[in-house]
Amino acid sequence: MGYLSQLKPQELKNKVCLLRLDFNTEDNWRLDAGLPTLKFLAKNCKAVVILSHKGRPEGFDRSLSLKPITKILRKALGKTVTFVPHFRFLEIRELVHASPRGAVFLLENLRFLEEEADNNEILAEHLASIGNIYVNDAFAVSHRANASVVAITKYIKSYAGFGLESEIKNLSRVMTAPKQPLAVILGGLKIEDKMQVIDNLKDRTVSFLVGGALTSEILDQLKSPKIILPVDFKKDDGEIKDIGRKTANFFQKEIAKAQTIIWNGPVGDINKNKFSHGTKAVAQAVVKNKKAFKVVGGGETVMFLKKLKLDKKINFISTGGGAMLDFLAGKVLPGIKALENHD
Ligand code: 3PG
């Protein structure tokens, strides 16, 4: 696979770079993760054209326009960012190539075009025609075979950006050669995906600490002595909303023993303060374990850590939700495979 980190700045001098980022979060933490790549390209390329998506629109939807992101990018880069509200590719190509050195453009939400989710070759070819090289720094959408993630790599020299490279290295590290004991904490939704993670990591993991919506489902379907389920709960109207105090204490002790920790998903309903004690206890135990190599992912979990101002104490924060789970489940992500197949 070609990595952007292997290119010399001089090699980018006359290139228009298409950069795929993922802006699909409520706040802009994924955007922050893409900034080192964006800044490097904006400094060294002739021009940068950002490709991204938000939500799952069916056709044009003003509420999912990427226009508001222009201002945030402008502030982060300290330079003008031109928003392109249409998909007239010939016109875009001319605009970009006629721009002054270092210009940055942001294209409208590509999912306004149904061809994006269909991994359509014609759209991919049109996108590729705008630039000279393509960089994927959108790990979070690399589990989707979308035109701007997969098909595009057939038509243009393609590389993994700094963020994607770091995701691949850090997630591979905890999956293939984790320092033992490895503790995997799983909560939140996406139950099927998390079951596949358990299945793939069960030989390498000492304990799976399981909470959130996973609990009852897993009780029935997976029977492994390594899976540690809650022994007490906080309930609301008969519904499980959080792990109880005894469970939190037990989880904390298990977390303290680990040398490697992977965490995806809150163990309770963190939208309500009264049901976020369990997740808070887990977060505190994770950061308290200074000896462990810690990897955390999943939108809700990352936002919660940020709220507690504990995110900086994690060795690696994955930008992936579903993408992180697919990677940990041992699946080959289409966006990564496309870069590997690329010569
Ligand atoms: C995500 O937020 O997980 C990615 O941006 C992919 O979004 P999707 O699940 O709508 O394809």
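The model shown is predicted, which means the values in this text are computed figures rather than measured ones. (Residues numbered from 1 in each chain as written. Predicted model: local features only at pLDDT ≥ 70, side-chain atom pairs only at ≥ 80, totals over all residues. Heavy atoms only, no water.)

(A) The pattern of salt bridges, seen in detail. Here the structure, examined in full by the defined rule, presents 13 salt bridges. For Glu165, the salt bridge identified is with Lys169, shortest N-O distance 2.6 Å. Of this pair, Glu165 and Lys169 both sit in helix H7 (residues 162–176), separated by 4 residues, roughly a single helical turn. Residue Asp199 is joined to Lys202 by a salt bridge in which the shortest nitrogen-to-oxygen separation is 2.8 Å. (Salt bridge = Lys/Arg side-chain N within 4 Å of Asp/Glu carboxyl O. Helix = DSSP H or I, 4+ residues; strand = E, 2+ residues; numbered from the N terminus.)

(B) Main features of the sheet that holds strand S14 (residues 316–317). Pairing in this open sheet of 6 strands is parallel, and the strands run S9-S8-S7-S12-S13-S14 from one edge to the other. Single-partner strands in this sheet number two, and they are strand S9 (227–228) and S14. Pairing of strand S7 (residues 182–186) with strand S12 (residues 260–264), which is carried by 5 bridges, proceeds in the parallel orientation. Looking across to S12, one finds that Ala183 is bridged to Ile261. (Pairing = 2+ DSSP bridges.)

(C) Fine view of helix H3 (residues 67–77). For H3, the set of buried residues is Ile69, Thr70, Leu73 and Leu77. Taken end-on, H3 shows its buried residues confined to a sector of 115°, consistent with a single buried face. Opposite its buried face, H3 presents the exposed residues Pro68, Lys71 and Lys75, each directed more than 90 degrees away. Count one or two residues on from H3 and you reach Gly78, which has phi positive near 65°. (Buried < 20%, exposed > 50% of the residue type's maximum accessible area, 1.4 Å probe, protein only. Arc of directions from axis to C-beta.)

(D) Representation of the packing of helix H2 (residues 29–44) against H3 in the model. Packing of H2 against H3 leaves a shortest axis separation of 11 Å and a crossing angle of 55°. By the angle between their directions, the pair H2 and H3 is classed as oblique. For H2 against H3, the interelement crossing comes out right-handed. Contact residues: H2 offers Leu31, Leu35, Leu38 and Lys39, while H3 offers Ile69, Ile72, Leu73, Ala76 and Leu77. (Axes fitted to C-alpha atoms, helices over the stretch in contact; angles between N-to-C directions. Parallel < 35°, antiparallel > 145°, perpendicular 65-115°, else oblique. Left-handed = near helix turned anticlockwise from the far one by under 90°. Contact = heavy atoms within 4.5 Å.)

(E) Expanded view of the sheet that holds strand S1 (residues 16–20). Strands sit in the order S3-S4-S2-S1-S5-S6 across an open sheet of 6 strands; the sheet is parallel. Strands at the two margins of the open sheet, each flanked by one partner only, are strand S3 (81–84) and strand S6 (157–160). In this sheet, adjacent strand axes meet at a mean angle of 25° when their direction is disregarded. When S1 meets strand S5 (residues 133–136), the two strands line up parallel, connected through 4 bridges. Directly across from Cys17, in S5, lies its bridge partner Ile133.

(F) Quick look at the nonpolar core. Phe139, Phe208 and Ile262 are the most contacted members of the largest nonpolar core, which totals 30 residues. The set of elements that each furnish at least two residues to this core consists of H7, S7, helix H8 (191–201), strand S8 (207–210), strand S13 (293–297), helix H13 (322–328) and helix H14 (334–341). Setting aside its immediate chain neighbours within four residues, Phe208 contacts Val184, Leu186, Ile198, Leu201, Lys202, Lys226, Ile227 and Ile228. Listed in part, the 27 residues of the second largest apolar core include Val49, Leu51, Ile92 and Leu113. (Core = buried A, V, L, I, M, F, W, Y, C linked by side-chain atoms within 4.5 Å.)

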